[in-house]
Amino acid sequence: MDLFEYQGKQYFARFGIPVSPGDVALTVDDAVEVAERVGYPVVVKAQVQVGGRGKAGGIKLADSTDEVRTHAGNILGMDIKGHVVERLWVEKASDIDEEYYASFTLDRAAKKHLLMLSAQGGVEIEAVAEADPDAIVKLHIDPVDGLSTDAAHQAAVDARIPERALDGTADILVKLYRCFTEGDCDLAEINPLILKPTGEVHALDAKVTLDSNAAFRHPEWEEYSATEVLDEREQLAKSKGLQYIGLEGSVGIIANGAGLAMSTLDVVNQVGGSAANFLDIGGGANADVMASALEVINSDESVQAIFINIFGGITRGEEVAKGVVEAMGRVELRAPIVIRLDGTNAEEGRKILADAGLPADKLISKPTMLEAANAAVAIANGSE
Ligand code: GDP
Ligand code: MN
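Residues numbered from 1 in each chain as written. Chains lettered and ligands numbered in written order. Predicted model: local features only at pLDDT ≥ 70, side-chain atom pairs only at ≥ 80, totals over all residues. Heavy atoms only, no water.

Further remarks concern the overall build of the protein. Along the protein, the regular secondary structure elements total 13 helices and 18 strands. The principal-axis extents of the C-alpha atoms in the protein amount to approximately 80 × 50 × 40 Å. Within the protein, contacts between residues at least 6 apart in sequence are counted, and of these 71% link residues at least 24 apart. Split by element, the accessible area of the protein, about 17800 Å² in all, is 49% carbon and sulfur. The distance from the centre of the 34 positive side-chain charges to the centre of the 62 negative ones in the protein is 2 Å. (Helix = DSSP H or I, 4+ residues; strand = E, 2+ residues; numbered from the N terminus. Contact = heavy atoms within 4.5 Å. Areas by Shrake-Rupley, 256 points an atom, 1.4 Å probe, with all protein chains shown as cover. Lys, Arg positive; Asp, Glu negative; His and termini not counted. Charge placed at Lys NZ, Arg CZ, Asp CG, Glu CD.)

Pairing is possible between side chains of opposite charge, provided their charged atoms come close. In total, this model carries 25 salt bridges according to the counting rule given. A salt bridge links aspartate 171 to lysine 175; the nearest nitrogen and oxygen atoms lie 3.0 Å apart. A residue pair is termed a helical-turn pair when its members lie 3 or 4 positions apart in one helix, as aspartate 171 and lysine 175 do in helix α6 (residues 163–182) at four residues. By relative accessible area, which is 36% here, aspartate 171 ends up partly exposed. (Salt bridge = Lys/Arg side-chain N within 4 Å of Asp/Glu carboxyl O. Buried < 20%, exposed > 50% of the residue type's maximum accessible area, 1.4 Å probe, protein only.)

Before going further, it helps to examine the coordination of the manganese ion (ligand 2). A metal bound by six donors in octahedral fashion has ideal angles of 90 or 180 degrees, whereas one bound by four tetrahedral donors has an ideal angle of 109.5 degrees. Around the manganese ion (ligand 2), the protein contributes the donor atoms Asn191 (O) and Asp205 (OD), at 2.1 to 2.2 Å from the metal centre. With asparagine 191 in strand β10 (residues 185–195) and aspartate 205 in the loop between β11 (201–203) and β12 (207–210), the pair connects residues that are 14 residues apart, well separated along the chain. In terms of burial, asparagine 191 and aspartate 205 fall into one category: buried. (Donors = N, O, S within 2.8 Å, 3.2 Å for Na, K, Ca; no water.)

Our focus in this paragraph is the nonpolar core. By size, the foremost hydrophobic cluster in this structure holds 41 residues, and its most contacted members are Tyr11, Phe12, Leu117 and Leu210. No other element matches α6, which puts nine residues into this core. Beyond its immediate sequence surroundings of up to four residues, leucine 117 is in contact with Tyr101, Ala102, Ala135, Ile136, Val137, Ala155, Ala156, Ala159, Ile161, Thr169 and Leu173. Formed by 30 residues, the second largest nonpolar core is a distinct cluster that contains Met290, Val296, Val320 and Leu341. (Core = buried A, V, L, I, M, F, W, Y, C linked by side-chain atoms within 4.5 Å.)

The next subject is unusual backbone geometry. Each neighbour pair has its own omega, and for tyrosine 40 with proline 41 the value is -5°, a cis peptide bond. Mapped onto the secondary structure, proline 41 falls in the loop between α2 (28–38) and β2 (42–46). Asparagine 191 connects to proline 192 through a cis peptide bond whose omega is 10°. Secondary-structure assignment places proline 192 in strand β10. In this model, lysine 111 sits at a positive phi of 55°, which is unusual for a non-glycine residue.

Around ligand 1 sit 16 residues in total, of which Lys45, Arg53, Gly54, Ser94 and Glu99 are the nearest. One of the side-chain N or O atoms of aspartate 205 is found 3.0 Å from an oxygen atom in ligand 1. Within the complex, the protein chains bury 79% of what would otherwise be the 560 Å² of accessible surface of ligand 1. Elements supplying a minimum of two residues to the shell around ligand 1: β2, β3 (59–62) and β10. Each residue belonging to the shell around ligand 1 can be placed in one class, and the counts come to seven nonpolar, five polar and four charged. Each of domain 1 (21–92) and domain 2 (98–220) contributes no fewer than three residues to the shell around ligand 1. (Near = heavy atom within 4 Å. Polar contact = N/O pair within 3.5 Å; in protein donor to acceptor, adjacent residues only side chain to side chain. Nonpolar A, V, L, I, M, F, W, Y, C, P; charged D, E, K, R; others polar. Domains from an automatic or database assignment.)

For glutamine 7, the location among the structural elements is in helix α1 (residues 5–14). A distance of 2.7 Å separates the side chain of glutamine 7 from the side chain of threonine 227, its partner in a polar contact.

Three or more residues of helix α12 (residues 346–355) are buried, namely Ala346, Gly349 and Leu353. Across the axial projection of α12, the buried residues extend over an arc of 60°, all falling on one side. Counted as exposed and oriented over 90 degrees from the buried face of α12: Glu347, Lys351, Ala354 and Asp355. Elements that come into contact with the buried residues of α12 comprise α11 (317–330), β17 (337–343) and β18 (363–365). Looking one or two residues beyond α12, the residue adopting positive phi is glycine 357, at roughly 65°. (Arc of directions from axis to C-beta.)

Spatial ordering of the open sheet is given by β1-β6-β2-β3, a layout of four strands whose pairing is antiparallel. Each edge of the sheet is formed by a strand with only one pairing partner; in this case those strands are β1 (22–25) and β3. Between one strand axis and the next, the sheet turns by 20° as a mean value, whatever way the strands run. Those strands touched by α2 are β1, β2 and β6 (88–92), and its axis lies near 170° from that of β1. (Pairing = 2+ DSSP bridges. Axes fitted to C-alpha atoms, helices over the stretch in contact; angles between N-to-C directions.)

Taken residue by residue, a regular strand's side chains alternate between the two faces of the sheet. Counting buried positions along β17 yields five of seven residues, so the element is predominantly enclosed. In this structure, strand β16 (residues 305–312) lies alongside β17, joined through seven bridges in parallel fashion. Following the sheet pairing, phenylalanine 307 is matched in β17 by valine 338. Where the polypeptide runs from β16 across α11 and back to β17, its parallel neighbour, the crossover connection is right-handed. (Right-handed = clockwise from strand over helix to strand, strands pointing away.)

Let us now look at the environment of alanine 372. Here alanine 372 shows up in helix α13 (residues 369–380). C-alpha of alanine 372 to C-alpha of alanine 72: the two residues are 300 residues apart in sequence and 54 Å apart in space. Residues within four places of alanine 372 in sequence aside, it is in contact with Phe307, Val338, Arg340 and Lys366.

This is a description of form; function is not addressed.
Here is the structure:
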């Protein structure tokens, strides 16, 4: 789950990372109220989950009530790369001497945490990686050992961060690493990490992605669900309790079990198609779950064919079939279904489908995964 900048900063603050005082504003009047409270000059910042807000005009310095009014009015409702600004963060403006970059992620291949640190911050790190890859220091951290202050200090030296900013940077790196690990983040990024004329080092921006799999041990994350940015399909899926991830292709996919769902995506790709989503209805799914899954897939306008791939273990074929029939009675499906039903009670399931009297061009049954994939992709690609 991605956090907004203000939520990321509040998260950082829990781990002792210095951030500027500020508050959220939903209206121009709110923004003025916050500005008066924190004191001028302030920065008015668009809260959207996309980078490059500065360049897009979504971040403005304001020295007076009038300026806050003007900027807040302009930024609220602004469209930044398809994200409409509904919320502002107004914080006390900082004086900046230098801008750095720091982030922690997981390097799955290395099975280690990865610190990336650069003295060239404030711009997109991809741009730095392209123009001057040596300007980014990469340090792998063994999760068992963790990150010591000495190692953080050395990384800052290696990144050619100036002497007077070394201690402050190392201190923040250690805190950010704690935030990343104890705070269960997939990503914890500060860009820019600034050096102030006073010598203090400070987080001016925050990009945090929480690892949703760790939500069970973070009841405090509950508050983020209210502002979570999901597309319509994902919202519907969430409300139905389904494991759904929206993708860009045209074959809607329903499978039981994450492994089978992923293999299904691969097979669809192999035969020249592209998946519109990942959807795992899980083990033991009943008719109602299948019907909900079809409703979610059906809400996606780019879906041209629906591929249901079920290998029943504890999921039973007749329940799957009942769900399909029920869904087809409940909603007008925009695309034909190709189904491969195998495993527990598959025979009974196929019989239910055959007896339901559904039109042959709306429901196509195939005996194997590959044949079903071929049929679904042929329909989606318009060759059938
Ligand atoms: P992004 O463009 O979405 O990454 O937004 P950031 O929060 O990183 O801000 C972009 C740029 O705006 C920063 O790199 C700074 O140069 C500038 N900026 C943001 N806040 C302040 C501030 O308090 N004072 C000054 N002088 N500049 C700021
Ligand atoms: Mn930034």
